[in-house]
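Results of the structural survey
Here are the chains, one letter per residue:
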Amino acid sequence: MPYSEQHRCAELIWAPPGGAFSTIDPHSIDDPAARLVALGYFNPPGYSSQGVVNLPQWRAMGIPSTGGHASASGLAEFYAALLRPGELLSAELLAQATRTQAAGPCPVLGEDVEFGLGFTPTTIRRPLGPNPRSFGHFGTGGALGFADPDAGVAFGYVMNHCIPRWQSTRNRALIDATFESVAHLPTDHTEH
């Protein structure tokens, strides 16, 4: 995010259930695997970088995988553009990018995960609606963007009050409400 645009950013607020995470010292953890996971969450300092994410320098760095800034409408429009073949990606490239490319246990999340190339496909654990070709990505504190090619839905959700999980009760309720609403649309819709 260029310095000239940072006035548009909301301050991220970390208010996890049960109190702050920033008192944990990852170096004090004896188990090497647990220490490695903790270092991932606390480097730079503060759980998921909560100590630095609001700094202008952090916002300006453009760190892949963690430094994205978007509005909900901007995120939804990005995914809507992906639903229009050839606008951002060819249909063939999008099919490859949204197909599971890696799957298995993730020590950081403590569960089995699936990843495509920059996107996560819908899964039983993290469903992005009812259709199997849905794809997207969860972000910090419950932020989410996804597309469902079968339903013609593009979705964006961002917030500044973060909770420590990709899928939260908030984004889950919004996904469910979106598809409940779409179910009531006329079947001849092309884009709403």
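So, here's what we can say about the structure.

Parameters and conventions
Numbering of residues starts from 1 in each chain and follows the order in which that chain's sequence is written. Where totals are concerned, whole chains, interfaces and linings use all residues; where local detail is concerned, this predicted model gives features only for residues with pLDDT of at least 70, and gives and counts side-chain atom pairs only at 80 or more. No hydrogens and no water enter the side-chain calculation; it runs on all heavy atoms of the structure. Note on ring pairs: Phe, Tyr and Trp rings are taken, using the six-membered ring of Trp, and paired if centres are within 6.5 Å. Classes follow the plane angle, with under 30 degrees stacked, over 60 edge-to-face and the rest tilted. Each helix corresponds to a stretch of at least 4 residues labelled H or I by DSSP, and each strand to a stretch of at least 2 residues labelled E; elements are numbered beginning at the N terminus. Think of it in three bands: residues with accessible area under 20% of the maximum for their type are buried, residues over 50% are exposed, and the middle band is partly exposed, with areas taken using a 1.4 Å probe on protein chains only. Charge-over-ring placement is defined geometrically: NZ (Lys) or CZ (Arg) within 6 Å of the ring centre, and within 35 degrees of the ring normal. Paired strands, in this sense, are two strands between which DSSP finds at least two bridges. Every residue pair with non-hydrogen atoms within 4.5 Å of one another is taken to be in contact. Helix axes use the C-alpha atoms of the stretch in contact, all axes being lines fitted to C-alpha atoms, and the angles between their N-to-C directions lie in the range 0 to 180 degrees. Salt bridge, as applied in this entry: a Lys or Arg side-chain nitrogen positioned within 4 Å of an Asp or Glu carboxyl oxygen.

**What to know about the packing of aromatic side chains**
Going through the model one piece at a time under the given rule, you end up with six aromatic pairs. When the centroid spacing of 6.1 Å and the interplanar angle of 20° are considered together, the rings of Phe146 and Phe179 count as stacked. Of this pair, Phe146 sits in strand S6 (residues 144-148) while Phe179 sits in helix H5 (residues 169-182); the two residues are 33 residues apart in sequence, bridging distant segments of the chain. Across the pair, exposure class does not vary: Phe146 and Phe179 are buried alike. Each member of the aromatic cluster is reached from another via a ring pair, and the members are Phe78, Tyr79, Phe119 and Phe135. We note Arg126 situated over the ring of Phe138; from NZ or CZ to the ring centre the distance is 5.8 Å.

**What about the pairing of strand S7 (residues 153-157)?**
Burial along S7 is one-sided: Val153, Phe155 and Tyr157 are buried, and none of Ala154 and Gly156, which face the opposite way, are. Two elements, S6 and S7, share five bridges in a ladder whose sense is antiparallel. Pairing of Asp148 across the sheet is with Val153, part of S7. Linking two consecutive strands that pair antiparallel, namely S6 and S7, is a turn of four residues; a positive phi of about 70° is found at Gly152 within it.

**Considerations on the sheet that holds strand S5 (residues 135-138)**
The four strands are arranged S4-S5-S6-S7 in an open sheet whose pairing can be described as antiparallel. Bordering the open sheet on either side are strand S4 (120-121) and S7, each of which pairs with just one other strand. The sheet contacts of H5 involve S5, S6 and S7, and relative to S7 the element is tilted by about 155°.

**What about the pattern of salt bridges?**
Overall, the coordinates contain eight salt bridges when judged by the stated rule. The residue Arg84 makes a salt bridge to Glu77 at a minimum N-O spacing of 2.7 Å. Given the relative accessible area of 24%, Arg84 is considered partly exposed. A relative accessible area of 40% means that Glu77 is categorised as partly exposed. Between Arg133 and Asp150 there is a salt bridge; the shortest N-O distance is 2.9 Å. Of this pair, Arg133 sits in the loop between S4 and S5 while Asp150 sits in the loop between S6 and S7, and the two are 17 residues apart along the sequence. Since its relative accessible area comes to 41%, Asp150 is described here as partly exposed.

Nothing here speaks to function; it is all geometry.
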